[in-house]
Amino acid sequence: MEVVIVEDRCAGADLVADAICRLAMKGSCVLGLATGSTPEAVYDELARRAFTGRLDTSGIKAFLLDEYTGLPADHEASFTEVIRRQVVERLGLGPEAVLGPNGLASDLESEAKRYDASIAASGGVDLQLLGIGSDGHIGFNEPGSSLGSRTRIKTLNPATVSDNSRFFEGVESRVPKHVLTQGIGTILEARHLILMAWGKAKAHAVAACVEGPITSMVPASALQLHPHTTVVVDEAAAQHLRLSDLYRATYAAKPSWQRI
Ligand code: PGA
């Protein structure tokens, strides 16, 4: 696991956008997109680069990490709609370029299987963006999730319902209780994982993810098993990392040709 401690989220977004631009230059790239506050700075930076011609969007395809069940696709908090506003429109992607699990499917179990199969059929995800929940979740894999799990229905932790109520006018009862989420096993199949965290509210979860034991109690700790994970955190989110000096020294000594 590589840990990169940046000054602030803008510096982190720049670094992550560089990695995406390099991939996009190869002609075709499959991104895994997360929603929530964390990746917004990256999407803003990608939009700036697309606008100024520094990002070639022609070969970009993407898969969403998760989706609420039961929300109309055009509900402003549905992840399909969030990604349409934050990424699809601003990067000028075609309607088929970004796919997500259908939270309105009549048979959600079959939909979950179909979604995993569609990711595999695309050749797999090149670069998966991830946030982390204050309870250590990735995607909507809440504590206790199987580390080998595939896309499936999950029930949200009440703590996550509370965290996400800000996208539902602050009313917890409006937050759907169920979601379709890529499983931890699905996520680990992406070729490069980038987990980002900003702010002190994520500091304990980041420390448990990076330096704690691998355990389903902290789903993000499964990233320790992946051969190419980059954790990009700001100073506040890094504050409980015991080996922060080592991470800083290692990153500072990295040869310039070797990117994240
Ligand atoms: P946030 O959520 O980016 O809104 O903090 C992260 C997550 O729940 O995975």
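Preceding this section is the structure that the text describes.
Analysis parameters
Residues numbered from 1 in each chain as written. Predicted model: local features only at pLDDT ≥ 70, side-chain atom pairs only at ≥ 80, totals over all residues. Heavy atoms only, no water. Salt bridge = Lys/Arg side-chain N within 4 Å of Asp/Glu carboxyl O. Helix = DSSP H or I, 4+ residues; strand = E, 2+ residues; numbered from the N terminus. Buried < 20%, exposed > 50% of the residue type's maximum accessible area, 1.4 Å probe, protein only. Core = buried A, V, L, I, M, F, W, Y, C linked by side-chain atoms within 4.5 Å. Contact = heavy atoms within 4.5 Å. Axes fitted to C-alpha atoms, helices over the stretch in contact; angles between N-to-C directions. Parallel < 35°, antiparallel > 145°, perpendicular 65-115°, else oblique. Left-handed = near helix turned anticlockwise from the far one by under 90°. Nonpolar A, V, L, I, M, F, W, Y, C, P; charged D, E, K, R; others polar.

Draft legend 1. Up close: the pattern of salt bridges. One pass over the full model with this rule turns up 15 salt bridges. Among the salt bridges present, the one from D44 reaches R90, with a minimum N-O distance of 2.9 Å. Of this pair, D44 sits in helix α2 (residues 40-51) while R90 sits in helix α3 (residues 79-91), placing them 46 residues apart in sequence. Accessibility expressed as a relative area gives 33% for D44, which makes it partly exposed. Look at R90 and you get partly exposed, because its relative accessible area is 36%. Put simply, E81 and R85 hold a salt bridge, and the shortest N to O gap is 3.7 Å. Separated by four residues within a single helix, E81 and R85 lie in helix α3, roughly one turn from each other. Residue classification places E81 among the buried residues on the basis of a relative accessible area of 11%. Here the salt bridges do not stand alone but share partners, grouping D14, D18, E45, R48 and R49 into one network.

Draft legend 2. Focus on the nonpolar core. Counting 76 residues, the largest nonpolar core has L33, L129 and V233 as the members making the most contacts within it. Setting aside residues no more than four positions away along its own chain, V233 makes contact with V3, V4, I5, V6, A197, W198, V206, A238 and L241.

Draft legend 3. Up close: the packing of α2 against α3. Where α2 contacts α3, the axes come no closer than 9 Å and their chain directions differ by 15°. Considering the angle they form, α2 stands roughly parallel to α3. Relative to α3, α2 is oriented so that their crossing is left-handed. Two secondary-structure elements touch here, α2 through E40, Y43, D44, L46, A47 and A50 and α3 through I83, Q86, V87, R90 and L91. Classifying every residue of the contact of α2 with α3 by side-chain character gives seven nonpolar, one polar and three charged.

These results come straight from atomic positions and should not be treated as a statement about function.
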